[in-house]
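Coordinates in review
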Amino acid sequence: MSFLKKLFSFKNHRDDSNSSDPFLKFLNETLGYTPQNIEVFKEAFTHRSAQKKDENGNSINFERLEFLGDALLGASTAVHLYYKAPDQQEGYLTKMRSKIVSRKQLNAVSKQLGLLDYLDPMNNHNNLGEDVNGDMLEALVGAIYVDGGIDSVQKFIQIKIIDPYADLDRLEHTITSHKSLILEWSQKTRNTIRFNTFEEQNAEDLQVFVSVIRLNDKVISKGRGTSKKKAEESAAKRAYYSLQKKIEKV
């Protein structure tokens, strides 16, 4: 761990915060310690739509912390897998890391922690999309590092993500992307899979996409979603179930 400590060493800032603050109480319970730099956590819970700026006119939102937290999650998970699976090669380790820190998994952890309840702005969260949950979790990890250093980050990731969700035997049978799975199958079996994704016209003021999947020019499934990615994954999931027996034979 000494390499990571050197790589991620950081001088913490101090801030005396009111212990009766509901947000601080929430942080105490979630982090397992009392944060010293409350401002960095406020930043971690601020969406760009809040349009906040500092005294120099710079935007205040969680995106920089999200970037930092994403890297920390990947590094900590990689270290865990390196020691947990000493006989496995790079391909296996990469696949397991992707599953542990998948967007679906991070969204679920964030919801369980109730992070969205403290997001600024406090309303219109439905317009931000599902993935804002995982974005907030990554930002929180970044804030923990800035406030408490690498040891605090590794402890949080271990307790909140790795211990409850990193069962390698279970993860081996978990599908994180049905789209990737059927595309991989099509390449191995020399079948042609095509996605035709477009925005659906509707009377309501809602953005909905439709994805149609063709296998060798024959339509095998359709899916809808609030983004192209979600529509394609929805269609791919339906295609997977129709092709499951063939896929499992490969």
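For the structure given in this document, a descriptive report is provided here.

Reading the values: rules and limits
- Numbering of residues begins from 1 in every chain and follows the order in which that chain's sequence is written.
- Note on the predicted model: pLDDT of at least 70 is required for a residue's local features to be given, and 80 or more for side-chain atom pairs to be given and counted; whole-chain, interface and lining totals, by contrast, use all residues.
- Excluding hydrogens and water, the side-chain values take into account all heavy atoms of the structure.
- Secondary structure elements follow DSSP: runs of H or I of four or more residues count as helices, runs of E of two or more count as strands, with numbering from the N terminus.
- Throughout this description, buried means an accessible area under 20% of the type-specific maximum (1.4 Å probe, protein chains only), exposed means over 50%, and partly exposed covers the range between.
- Under the convention used here, a 1.4 Å probe and the Shrake-Rupley method define accessible areas, while residue burial counts only the protein chains that appear.
- Here the rule is simple: two strands pair whenever DSSP picks up at least two bridges between them.
- Nonpolar core, defined: a set of buried Ala, Val, Leu, Ile, Met, Phe, Trp, Tyr and Cys residues in which side-chain atoms within 4.5 Å join the residues together.
- Contacts are assigned to residue pairs with any non-hydrogen atoms lying within 4.5 Å of each other.
- Note on definitions: angles span 0 to 180 degrees between N-to-C directions of axes, and those axes are lines fitted to C-alpha atoms, for helices only across the stretch in contact.
- Salt bridges are defined as contacts in which a side-chain nitrogen from Lys or Arg sits within 4 Å of a carboxyl oxygen from Asp or Glu.
- Geometry of aromatic contacts follows a simple scheme: Phe, Tyr and Trp rings, the Trp one being its six-membered ring, pair when their centres are within 6.5 Å, and the pair is stacked under 30 degrees between planes, edge-to-face over 60, tilted otherwise.

Across its full length, the protein carries 10 helices and 5 strands. When the backbone C-alpha atoms are referred to their principal axes, the protein occupies close to 65 × 55 × 30 Å. By residue count, 40% of the 250 residues in the protein fall in the buried class. Surface exposure of the protein reaches about 15,300 Å², of which carbon and sulfur atoms provide 46%.

Sheet topology places strand 4 (residues 208-215) next to strand 5 (residues 218-225); 7 bridges connect them, and they run antiparallel. Note on strand 5: the bridge partner recorded for Ser211 is Gly223.

Moving on: the nonpolar core. Counting 44 residues, the largest nonpolar core has Leu27, Phe41, Phe45, Leu115, Leu137, Leu140 and Phe156 as the members making the most contacts within it. The element best represented in this core is helix 7 (residues 132-165), accounting for 17 residues. If sequence neighbours within four positions are ignored, Leu27 has contacts with Gly32, Tyr33, Pro35, Ile38, Phe41 and Phe45. Counting residues in hydrophobic clusters, the runner-up holds 11 residues, among them Ile182, Ile193, Tyr240 and Leu243.

Looking now at the sheet that holds strand 5. Pairing in this open sheet of 3 strands is antiparallel, and the strands run 3-4-5 from one edge to the other. The open sheet has two edge strands, strand 3 (193-200) and strand 5, and neither has a second partner. Put simply, the sheet's adjacent strands are angled 20 degrees from each other on average, direction ignored. Pairing analysis gives 8 bridges linking strand 3 to strand 4, with the strands arranged antiparallel. Considered in strand 4, the bridge of Ile193 is made with Leu215.

Attention now goes to the pattern of salt bridges. A full pass over the atoms with the stated rule returns 10 salt bridges. Put simply, Lys42 and Glu39 hold a salt bridge, and the shortest N to O gap is 3.5 Å. Taken together, the residues span about one helical turn, with Lys42 and Glu39 both in helix 3 (residues 38-44) at a distance of 3 residues. Classification of Glu39 by relative accessible area gives partly exposed; the value is 45%. Among the ionic pairs, Arg103 bridges to Glu138, the shortest N-O distance being 3.1 Å. Linking Arg103 in helix 6 (residues 103-113) with Glu138 in helix 7, this pair joins segments that are 35 residues apart in sequence. Members of the salt-bridge network, linked through shared partners, are Arg103, Asp135 and Glu138.

Most of strand 4 is tucked away, with 7 of its 8 residues classed as buried. In this structure, the hairpin formed by strand 4 and strand 5 is closed by a connection of 2 residues, where Asn216 is found at a positive phi of approximately 50 degrees.

This next bit is on the packing of aromatic side chains. Enumeration according to the criterion identifies 6 aromatic pairs in this entry. Measuring from ring centre to ring centre gives 6.1 Å for Phe26 and Phe45, while their planes differ by 85 degrees; the resulting arrangement is edge-to-face. Residue Phe26 is located in helix 2 (residues 22-31), and its partner Phe45 is located in the loop between helix 3 and strand 1 (52-53); the two are separated by 19 residues in the primary sequence. Of the residues examined, Phe26 reaches a relative accessible area of 9% and is grouped as buried. A relative accessible area of 3% means that Phe45 is categorised as buried.

All we've got here are geometric facts, nothing functional implied.
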